[in-house]
Amino acid sequence: SHAVRPHRSRNNSSMDSTRVAIVIAMLAAAVVAVTAANTTAAPVAIGDITLGDVIAQLEKAEALVHAKMTAGWSVVMDNFSPFVIAGPLTFVFHELVYFGAWVPWLVLDQIPYFNKYKIQPDKKADGAMVAKCLKRLLLSHVFIQLPMQLLFHWVAQFLGFSMALPLPPVRDLAWQLPAFFVIEDFYFYWIHRALHHKSVYKYVHKIHHEHTHPFGIAAEYAHPVETFFLGIGTLLGPLFFAKHMVTLWAWLFVRLWETVEDHSGYDLPWNPTNFIPFWGGAVHHDFHHKTFQGPYSSIFTWCDWAFGTDKMFRAQQKKLRDGKEGAYPAQFRGAPNFEALERERAKAKVA
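Residues numbered from 1 in each chain as written. Predicted model: local features only at pLDDT ≥ 70, side-chain atom pairs only at ≥ 80, totals over all residues. Heavy atoms only, no water.

With that out of the way, let us pick up the overall build of the protein. For the protein, the helix and strand inventory stands at 11 helices and two strands. If you list the helices and strands of the protein from N to C, you get α-β-β-α-α-α-α-α-α-α-α-α-α. Counting all 351 residues of the protein, 42% fall into the buried class. (Helix = DSSP H or I, 4+ residues; strand = E, 2+ residues; numbered from the N terminus. Buried < 20%, exposed > 50% of the residue type's maximum accessible area, 1.4 Å probe, protein only.)

In this section: the environment of D310. Topologically, D310 is positioned in the loop between α9 (302-306) and α10 (311-320). Judged by its relative accessible area of 2%, D310 falls in the buried class. Separated by 16 residues in sequence, D310 and G294 have C-alpha atoms that sit 5.5 Å apart. Residues in contact with D310, not counting those within four places in the same chain, are P295, T301, D304, W305 and A330. (Contact = heavy atoms within 4.5 Å.)

This brings us to the confidence of the model for the protein. Looking at the protein as a whole, its pLDDT mean stands at 87, while 86% of the residues score no less than 70. Ignoring residues within four places in sequence, the model shows residues 1-9, a span with pLDDT below 50, making seven contacts including any to other chains. pLDDT under 50 marks residues 36-42. Its contacts with residues more than four places away, or in other chains, come to zero contacts. (pLDDT = per-residue confidence, 0-100.)

Moving on, we come to the pattern of salt bridges. Side chains bearing opposite charge may pair, as long as their charged atoms lie close to each other. Tallying each qualifying case throughout the model produces seven salt bridges. The residue R255 makes a salt bridge to E184 at a minimum N-O spacing of 2.7 Å. Taken as a pair, R255 in helix α7 (residues 245-262) and E184 in helix α5 (residues 173-195) lie far apart in primary sequence, 71 residues in all. Given the relative accessible area of 2%, E184 is considered buried. In this structure, R345 engages D322 in a salt bridge whose closest nitrogen and oxygen atoms are separated by 2.8 Å. (Salt bridge = Lys/Arg side-chain N within 4 Å of Asp/Glu carboxyl O.)

What follows concerns unusual backbone geometry. The residue after L165, namely P166, is reached through a cis peptide bond having omega 0°. Note on placement: P166 falls in the loop between α4 (127-159) and α5. You will see that K243, though not glycine, has its phi angle at about 65°, which is positive. Secondary-structure assignment places K243 in the loop between α6 (224-241) and α7. A relative accessible area of 32% places K243 in the partly exposed class. At F278, a residue that is not glycine, the phi angle is positive and equals roughly 70°. Checked against the element boundaries, F278 lands in the loop between α7 and α8 (281-291).

What follows covers the packing of α5 against α6. Remark: α5 packs on α6, axes separated minimally by 9 Å, with the N-to-C direction vectors making an angle of 150°. Comparing their axes, α6 and α5 come out roughly antiparallel. The element α5 and its partner α6 pack so that their crossing is right-handed. Where α5 abuts α6, its residues W175, Q176, F180, I183, E184, Y187, F188, I191 and L195 lie against E226, F229, L230, I232, G233, T234, L236, G237, P238, F240 and F241. Residues that form the contact of α5 with α6 fall into these classes: 14 nonpolar, four polar and two charged. (Axes fitted to C-alpha atoms, helices over the stretch in contact; angles between N-to-C directions. Parallel < 35°, antiparallel > 145°, perpendicular 65-115°, else oblique. Left-handed = near helix turned anticlockwise from the far one by under 90°. Nonpolar A, V, L, I, M, F, W, Y, C, P; charged D, E, K, R; others polar.)

On to the side chain of H263. Mapped onto the elements of the fold, H263 is located in the loop between α7 and α8. What makes H263 buried here is its relative accessible area of 4%. A distance of 3.2 Å separates the side chain of H263 from the side chain of H208, its partner in a polar contact. (Polar contact = N/O pair within 3.5 Å; in protein donor to acceptor, adjacent residues only side chain to side chain.)

The next thing to look at is the packing of aromatic side chains. Going through the model one piece at a time under the given rule, you end up with 26 aromatic pairs. Both rings, one in Y117 and one in W270, keep their centres 5.3 Å apart while their planes meet at 80°; by these two values the pair is edge-to-face. Taken together, the positions of Y117 in the loop between α3 (82-109) and α4 and W270 in the loop between α7 and α8 put the pair 153 residues apart, joining distant regions of the chain. For Y117, a relative accessible area of 13% puts it in the buried group. For W270, a relative accessible area of 48% translates into the label partly exposed. Considering the side-chain rings of W175 and F241, the 5.7 Å spacing of their centres and the 85° angle between planes classify their relative orientation as edge-to-face. Of this pair, W175 sits in helix α5 while F241 sits in helix α6, and the two are 66 residues apart along the sequence. For W175, a relative accessible area of 36% puts it in the partly exposed group. Residue placement shows K118 over the ring face of Y266; its charged tip is 5.0 Å from the ring centre. Here the basic side chain of R136 rests over the ring of Y221, its NZ or CZ set 5.5 Å away from the ring centre. (Phe/Tyr/Trp six-rings, centres within 6.5 Å; stacked < 30°, edge-to-face > 60°. Lys NZ or Arg CZ within 6 Å of the ring centre and 35° of its normal.)

Shown next, in the form of structure tokens:
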């Protein structure tokens, strides 16, 4: 439940305003960086290699990828109607990526060595829990998501999505995908937070929280109402900035991998996403499943930090960093769990 406090101190209001201002400043800095990247700069050289050489090689690689994508998409267009591409084929693509993204985490579950990277090492989904999840997912995918996907052909036409050649430049994905993540994250934060309100929680979102120690495919284990409203957020980025089916497929691919990782239950130190500032990951979302409190964001940590819904999470992470503060607001990545922290302390004493 969310208790409403009738009075807030001036200091708290000032702190919240500061947090929001920092988030806005960060977004503005990102816009400036993108603008700067499109301006002409003086040649920069490292030894015999100039920036122009690097750019030329990247353009050559981009042209090769674009040619391969064009050839592949031509085969799709030649063999399937727009309705099939937007509907059944996109559904099949979703299923392959979603369950394929679960396979690496499923493999880790079978190898005892990786248990030390589990965020809740004493918890494991048994066969009955996984079977129940799979059954509900298949019913949801076939009777909820598939009909929605079949309608998407007409929705895509109405919204102006294209399937035609030529395909958009590959380089556009370098800014589009991060932009889509930011848009989805902001939308998801508020919808998710609303779903936790006591007036609706037990009717809708409670289903998703049957898993207090989540595992990969639990990501889409949800009520149909939740599936519908959160699905809108996935579509917003492409709707605003892309409107091509190939871009939508590229976004769907990375978004599905991200949400399955979010629910994986593992904090692997070599995971590349650990190096993305403000990336939430499994650490962020696993805490939410365990406590039923914030944080509420799906991807990044800044919304919860800006709006003050991650205090418990940051307190826990400070302990897992052995009492040390992070390098920037809302940073995490302490030890995966308190058992791991104790092992690190023991090693430090021996050393």
